2 protein chains.
Amino acid sequence: MIYLDNAATSWPKPEGVAMAVYDCILNKGANPGRSGHKMALEAGRIVLECRETLAEFFGIDDPMRIIFALNTTDALNMAIKGLLRPGQHAVTSSMEHNSVARPLKKLESIGVETTYVSADGIGLILPDDIEKAIKPNTAVIILTLASNVTGTIEPYREIGRIARRHGIPFLLDAAQGAGHIPINVNEDDIDIMAFPGHKGLLGPQGTGGLYIREGIDLDTIKEGGTGSHSDLVTQPDIMPDRYESGTLNTPGIAGLKAGIDYINSIGIEAIRKHEIEICGRIIDGLKEIDGVKVYGPQNAEMHAGVVAFNVGNMDSTEVSYILDSEFEIEVRAGLHCSGLAHMTIGTFGQGVVRVSPGPFTTEQEIGKFLEAVRQIARL
Amino acid sequence: MIYLDNAATSWPKPEGVAMAVYDCILNKGANPGRSGHKMALEAGRIVLECRETLAEFFGIDDPMRIIFALNTTDALNMAIKGLLRPGQHAVTSSMEHNSVARPLKKLESIGVETTYVSADGIGLILPDDIEKAIKPNTAVIILTLASNVTGTIEPYREIGRIARRHGIPFLLDAAQGAGHIPINVNEDDIDIMAFPGHKGLLGPQGTGGLYIREGIDLDTIKEGGTGSHSDLVTQPDIMPDRYESGTLNTPGIAGLKAGIDYINSIGIEAIRKHEIEICGRIIDGLKEIDGVKVYGPQNAEMHAGVVAFNVGNMDSTEVSYILDSEFEIEVRAGLHCSGLAHMTIGTFGQGVVRVSPGPFTTEQEIGKFLEAVRQIARL
């Protein structure tokens, strides 16, 4: 089986990930930050170490400004709803995932205004267009690091600088890119960042997080027991407790740390270099096949591990079905939770076939994948 | 080491739990409900099977009415905020965890009214008092199945009947009890139920859920990608997608199913019988020690695997510290995220030492625990 669906969730995980989760459940299974006994402290240490590892990885000064969440969507909801008030305005893009578009749609019903800046035909947002969309009541700029449909890496650094210049918080959705595109929240002027644990960071599903720069105060969308200030019926103000109610996914967090440790052991630059090489082969190989159309940028450097294509007018789900059933190649087809992006690139009806390699994808696997598409294109 | 902190999180887990998680990460690691390929379908099957197992376990007719969440707090926030509107009234109790009290406090700021019905000195809520608190604008009755401080099992069946008679939705917080106190949502008139995966159900941390009876429509507090109706920018109405945005904790859910399978293999009645025996020994043993005060009901049948006590005027955290450091016995002390309950039983200053055995706790362990308390009481 050839797995090319890493943009949905990365697989396989590095060797240490499943073992770290297993070991945590077996040997460090207490509740972190609740009781004071040894095993609870050990569980607390697992969580703290992962927070510190994440902080170093993303250039975050204070690990306590990182919140653990169920997934990126959970983190994005905390950020978007914690930030925006009726009468305020959000600037975002037509390349956003439904995890941004749907919370914003919900907020429109209570009087939040939104502007969706359109990308060009390869899914690229122009920083100038973002700047032009800013209004006096703009309270946040929300941008995906890279499109989950076309893989297009957006000019997030330039847009971060624009946000900083205007004194507007910049929220980056790093669902596609965290773990393989180098990110430094200070250098990149990122104020808030939602990220998955189970994609590029190579951790298990059930993990993700939110970075909130000091000085940015988000209202809470969830309150509850935090193991701190139990005497108070109001949510405590201290970080990260304010946004982390209830028991964390400690085993998952142990696995997430193992995933990042693996990335650090190889070096994110090496992972990115491999990704560019593999994506380059995919793009070049697909372009040589008659009837195949590749979406997004035509050079691999502008892709975050995702390439979208179609075979003639074939339904994208039909292509992915044949790849799976006849060639044991696993890709994703359809709209990928991002209807807006498909309107932008003109594939709202057909959807696209999405190939997303990972750090363990080999050139041979891509060779087999291209051969399979060649055969499908001849049908 | 003797672990007596199962009310925070159960440990050890049954043998199959860690292995189910491990196997899922290694061999079924795709994203459920997203792509159509074989491994994604297999991941989807894991989630479906756990949903079906939970439904059978709780007497739920339609498994699709069960939502997976990060933890009970996540589920309670979805329920409480999805249900209550400004001007509406909630009846609840003084024995609630901060996971109920803090979301309600937050809602008070937008004009939701709350009544906290006081428990008696053993932490018991009288159904009559709940009924008397009902007003024309009461939109929900929220009750903990059992206190996480005293272990007192509340008369949830009687209160469920009252709610049903008045046509008011009944929300049960089953954080303490699910997995060892038999629950049947139909027979017990439960309309909405939040439950943890990592306590009595013996699954891993990072799991929990919410049951929502058909006909009850909760507003969403989170929206995002659901893998369904990707063309729509509004949250889809279908269950469970409406409340399950973003990637689920598939490995955790695999482990949760293994935990419930274990309970089913032993029988919940046997687990409950063991719990009553062990709690009986704890209560009787503690009461024989000079200077020790046991809180809550004095008979084990009224306890859900939790016994609270103090040794003279010693600070509860001091007692738990000695138990851990000198006897390797792990319990929890303090306020346990439930300040209100401590006001009710008069331990707001001192807190309590909480002993919470699990299905693997042995009589010998309880013997050693009682001997340790005896020594501490002589200090």
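Small disclaimer: the values here were computed from a predicted structure and weren't measured.

Thoughts on the overall build of chain A
Thinking step 1. On a plain count of helices and strands, chain A comes out with 11 helices and 13 strands.
Thinking step 2. Here chain A has a C-alpha radius of gyration of 21 Å; the compact-globule value for 379 residues is 21 Å, and the two agree.
Thinking step 3. Principal-axis analysis of the C-alpha atoms places the extent of chain A at approximately 70 × 55 × 35 Å.
Thinking step 4. A buried classification covers 60% of the 379 residues belonging to chain A.
Thinking step 5. For chain A, the proportion of contacts with a sequence separation of at least 24, taken over those separated by at least 6, is 71%.

Comments concerning the nonpolar core
Where a protein is soluble and globular, its nonpolar side chains tend to be buried together.
Thinking step 1. Val-21 of chain A together with Val-21 of chain B are the most contacted members of the largest nonpolar core, which totals 238 residues.
Thinking step 2. Apart from residues lying up to four places away in sequence, Val-21 of chain A is in contact with Pro-204, Pro-251, Gly-252, Ala-254 and Gly-255 of chain A together with Val-21, Tyr-22, Ile-25 and Pro-251 of chain B.

So, the relation of the copies chain B and chain A
Thinking step 1. The two copies are related by a screw motion: chain B maps onto chain A through a turn of 180° and a shift of 0.0 Å along the axis, at an RMSD of 0.0 Å. The operation mapping one copy onto its partner corresponds to a two-fold rotation axis.
Thinking step 2. Of the residues that chain B buries at the interface, 100% are likewise interface residues in chain A, meaning the two copies contact each other through the same surface.

Structural notes on the interface of chain B and chain A
Thinking step 1. Between chain B and chain A, the contact holds 74 residues from the first and 74 residues from the second.
Thinking step 2. Secondary structure elements with two or more residues in the side of chain B that touches chain A: α1 (15–27), α2 (38–58), α3 (72–83), α4 (98–108), α7 (250–266), α9 (316–327) and β12 (332–334) of chain B.
Thinking step 3. Of all the elements, α4 of chain B adds the most residues to the side of chain B that touches chain A, at 7 residues.
Thinking step 4. Residues that form the side of chain B that touches chain A fall into these classes: 26 nonpolar, 34 polar and 14 charged.

Looking at the pairing of strand β5 (residues 138–144) of chain B
Residue and element names in this part refer to chain B.
Thinking step 1. For β5, a buried count of 5 out of 7 residues is recorded, marking the element as mostly surrounded by other parts of the structure.
Thinking step 2. Across 3 bridges, the pairing between strand β3 (residues 89–93) and β5 is parallel. Looking across to β5, one finds that His-89 is bridged to Thr-138.
Thinking step 3. Across 4 bridges, the pairing between β5 and strand β6 (residues 170–173) is parallel. Bridge pairing links Leu-143 to Leu-172 in β6.
Thinking step 4. Handedness of the crossover is the feature at issue here: the chain leaves β5, passes through helix α6 (residues 156–166), returns alongside β6, and the resulting connection is right-handed.

Notes on the sheet that holds strand β9 (residues 292–294) of chain B
Residue and element names in this part refer to chain B.
Thinking step 1. Reading across the sheet, the 4 strands line up as β9-β10-β13-β12 and stay open at both edges, with antiparallel pairing between neighbours. If you trace the sheet from one side to the other, it starts and ends with β9 and β12, each paired once. Going from strand to strand, the sheet's axes swing by 30° on average, the running direction of each strand aside.
Thinking step 2. When β12 meets strand β13 (residues 352–355), the two strands line up antiparallel, connected through 3 bridges. Along β13, the bridge assignment pairs Arg-332 with Arg-354.
Thinking step 3. Lying over the sheet, helix α11 (residues 363–377) contacts β9, β10 (307–311) and β13, oriented at roughly 25° with respect to β10.

So, the sheet that holds strand β2 (residues 66–69) of chain B
All names here are of chain B.
Thinking step 1. Judged by pairing direction, the sheet is mixed, and its 7 strands sit side by side in the order β2-β8-β7-β6-β5-β3-β4 without closing on themselves. This sheet does not close on itself; its edge strands, each paired only once, are β2 and β4 (113–117). Going across the sheet, the axis of each strand differs from the next one's by a mean of 20°, ignoring polarity.

Quick notes on α1 of chain B
Thinking step 1. Its 13 residues place the ends of α1 of chain B 19 Å apart at the C-alpha level, agreeing with the 18 Å of an ideal helix rising 1.5 Å per residue.
Thinking step 2. The complete set of buried residues in α1 of chain B reads Val-17, Ala-18, Ala-20, Val-21, Tyr-22, Cys-24 and Ile-25 of chain B.
Thinking step 3. The inward-facing, buried residues of α1 of chain B abut α1 (15–27) and α7 (250–266) of chain A together with α2 and α7 of chain B.

Concerning the domain arrangement of chain A
Residues and elements named next belong to chain A.
Thinking step 1. Each assigned domain of chain A is listed with its residue range as follows: domain 1 (2–10 + 267–378) and domain 2 (15–265).
Thinking step 2. Taking the mean C-alpha position of each, domain 1 and domain 2 sit 27 Å from one another.
Thinking step 3. If you look at the interface, domain 1 gives 28 residues, while domain 2 gives 32 residues.
Thinking step 4. With 5 residues, the single largest contributor to the side of domain 1 that touches domain 2 is helix α10 (residues 339–345).
Thinking step 5. Taken together, the residues of the side of domain 1 that touches domain 2 break down into 15 nonpolar, 10 polar and 3 charged.

How each quantity is defined
Residues numbered from 1 in each chain as written. Chains lettered and ligands numbered in written order. Predicted model: local features only at pLDDT ≥ 70, side-chain atom pairs only at ≥ 80, totals over all residues. Helix = DSSP H or I, 4+ residues; strand = E, 2+ residues; numbered from the N terminus. Rg over C-alpha atoms; globule rule 2.2 N^0.38 Å. Buried ≥ 20, exposed ≤ 12 C-beta atoms within 10 Å, placed from the backbone. Contact = placed C-beta atoms within 7 Å. Core = buried A, V, L, I, M, F, W, Y, C linked by C-beta atoms within 7 Å. Least-squares fit on C-alpha atoms with pLDDT ≥ 70 in both. Nonpolar A, V, L, I, M, F, W, Y, C, P; charged D, E, K, R; others polar. Pairing = 2+ DSSP bridges. Right-handed = clockwise from strand over helix to strand, strands pointing away. Axes fitted to C-alpha atoms, helices over the stretch in contact; angles between N-to-C directions. Expected span 1.5 Å × (residues − 1). Domains from an automatic or database assignment.

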